[in-house]
Amino acid sequence: FSLHFLSLYFQLGFIVNLGAIRVNFGWRISLSVTVPIGLILSIGMLFLPESPRWLLKKQKYTKAEEVLARVHGAEDTQTVQQVILEIQGSIPAKNSFVNVLKEFLEWRVIHRVLIGMTLQVLNRFSGQVVILYYSVTIFCSIGLPYYSSAILGLLNFLGILGAVYTIDKV
């Protein structure tokens, strides 16, 4: 879900950069477009409730029930109580550093971490981000029109949508 918005944001960046390419202070326009998104996220964080797990660790049971009731539906008290019991059952085991370390050193966790790290490293080595970032400069230097980068951005956006759709189905 967040990958969709990230690729959409990249595409919007391409479009804004295309509009600002001919302006002397175009970099300021490109930079200022990100400000509203950052403000929306920052203001939105102020309205997020505390984590139910954190509330239960601090013995704020009624507040944790309110948060979980809002997430699971106010009329579903049985599910809320079940989730609270699950969280309370996992809290003592999570407090011990040794238990957390044992959990992290299990092969299933190490395997997932290594896969994630390998994918990130290979993604960086592919050079995709650099090509997307400098696409306007690259395309203009080889004689293509500057809007070619928007086509590349659109293809990137559509490719990510296709990949996410395929992965979600599997």
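This text goes with the structure placed above it.
Residues numbered from 1 in each chain as written. Predicted model: local features only at pLDDT ≥ 70, side-chain atom pairs only at ≥ 80, totals over all residues. Heavy atoms only, no water.

Student: How would you sum up the overall build of the chain? Please name residues and give values.
Tutor: A tally of helices and strands in the chain yields eleven helices and zero strands. Reading the chain from its N end, one meets helices and strands in the order α-α-α-α-α-α-α-α-α-α-α. The C-alpha atoms of the chain give a radius of gyration of 23 Å, which is well past the 15 Å a tight globule of 170 residues would have. The buried share of the chain, taken over its 170 residues, is 19%. Long-range pairs, those at least 24 residues apart, make up 45% of the contacts in the chain between residues at least 6 apart in sequence. Total accessible area on the chain stands at roughly 13000 Å², and carbon and sulfur atoms take up 69% of it. Within the chain, the 9 negative side-chain charges are centred at a point lying 13 Å from the centre of the 14 positive side-chain charges. (Helix = DSSP H or I, 4+ residues; strand = E, 2+ residues; numbered from the N terminus. Rg over C-alpha atoms; globule rule 2.2 N^0.38 Å. Buried < 20%, exposed > 50% of the residue type's maximum accessible area, 1.4 Å probe, protein only. Contact = heavy atoms within 4.5 Å. Areas by Shrake-Rupley, 256 points an atom, 1.4 Å probe, with all protein chains shown as cover. Lys, Arg positive; Asp, Glu negative; His and termini not counted. Charge placed at Lys NZ, Arg CZ, Asp CG, Glu CD.)

Student: Please give an account of unusual backbone geometry that cites residues and values.
Tutor: You will see that Gln59, though not glycine, has its phi angle at about 60 degrees, which is positive. What makes Gln59 exposed here is its relative accessible area of 53%.

Student: Provide a residue-level description of the nonpolar core, including the pertinent values.
Tutor: Leu55, Leu56, Ala64, Val67, Leu68, Ala69, Val80, Val83, Ile84, Ile87 and Ile91 together form the largest nonpolar core, which totals eleven residues. Every element with two or more residues in this core is listed here: helix 4 (52-57), helix 5 (61-72) and helix 6 (77-95). The dominant element in this core, judged by the number of residues it contributes, is helix 6, at five residues. Leaving out residues up to four positions away in the same chain, Leu55 has contacts with Glu50, Lys60, Lys63, Ala64 and Val67. (Core = buried A, V, L, I, M, F, W, Y, C linked by side-chain atoms within 4.5 Å.)

Student: Could you give an account of a nonpolar patch on the surface, with specific residues and numbers?
Tutor: On the surface, Phe97, Val98, Leu101, Phe104, Leu105, Trp107, Val113, Leu114 and Met117 cluster together into a nonpolar patch covering about 940 Å² of accessible area. Elements supplying a minimum of two residues to the nonpolar patch: helix 7 (97-104) and helix 8 (107-126). With respect to the helices and strands, the residue Phe97 is situated in helix 7. (Patch = residues over 30% accessible without salt bridge, like charges linked within 9 Å, V, L, I, M, F, W, Y side chains within 5 Å. Salt bridge = Lys/Arg side-chain N within 4 Å of Asp/Glu carboxyl O.)

Student: Could you give an account of a positive patch on the surface, with specific residues and numbers?
Tutor: A grouping of Arg53, Lys57, Lys58, Lys60, Lys63 and Arg70 is seen on the molecular surface, where their side chains present a positively charged patch. Looking at the positive patch, the elements with two or more residues in it are helix 4 and helix 5. Mapped onto the elements, Arg70 comes out in helix 5.

Student: Would you mind going over helix 5 in detail, with residue names and values included?
Tutor: The end-to-end C-alpha distance of helix 5, which contains twelve residues, comes to 16 Å, matching closely the 16 Å that a straight helix rising 1.5 Å per residue would cover. Looking only at helix 5, the buried set comprises Ala64, Val67, Leu68 and Ala69. Positive backbone phi, at 100 degrees, marks Gly73, one or two positions downstream of helix 5. (Expected span 1.5 Å × (residues − 1).)

Student: Give me the lowdown on the side chain of Ser148, citing residues and values where you can.
Tutor: Locating Ser148 in the fold gives a position in helix 11 (residues 148-169). A polar atom in the side chain of Ser148 sits 2.9 Å from the backbone oxygen of Pro145. (Polar contact = N/O pair within 3.5 Å; in protein donor to acceptor, adjacent residues only side chain to side chain.)

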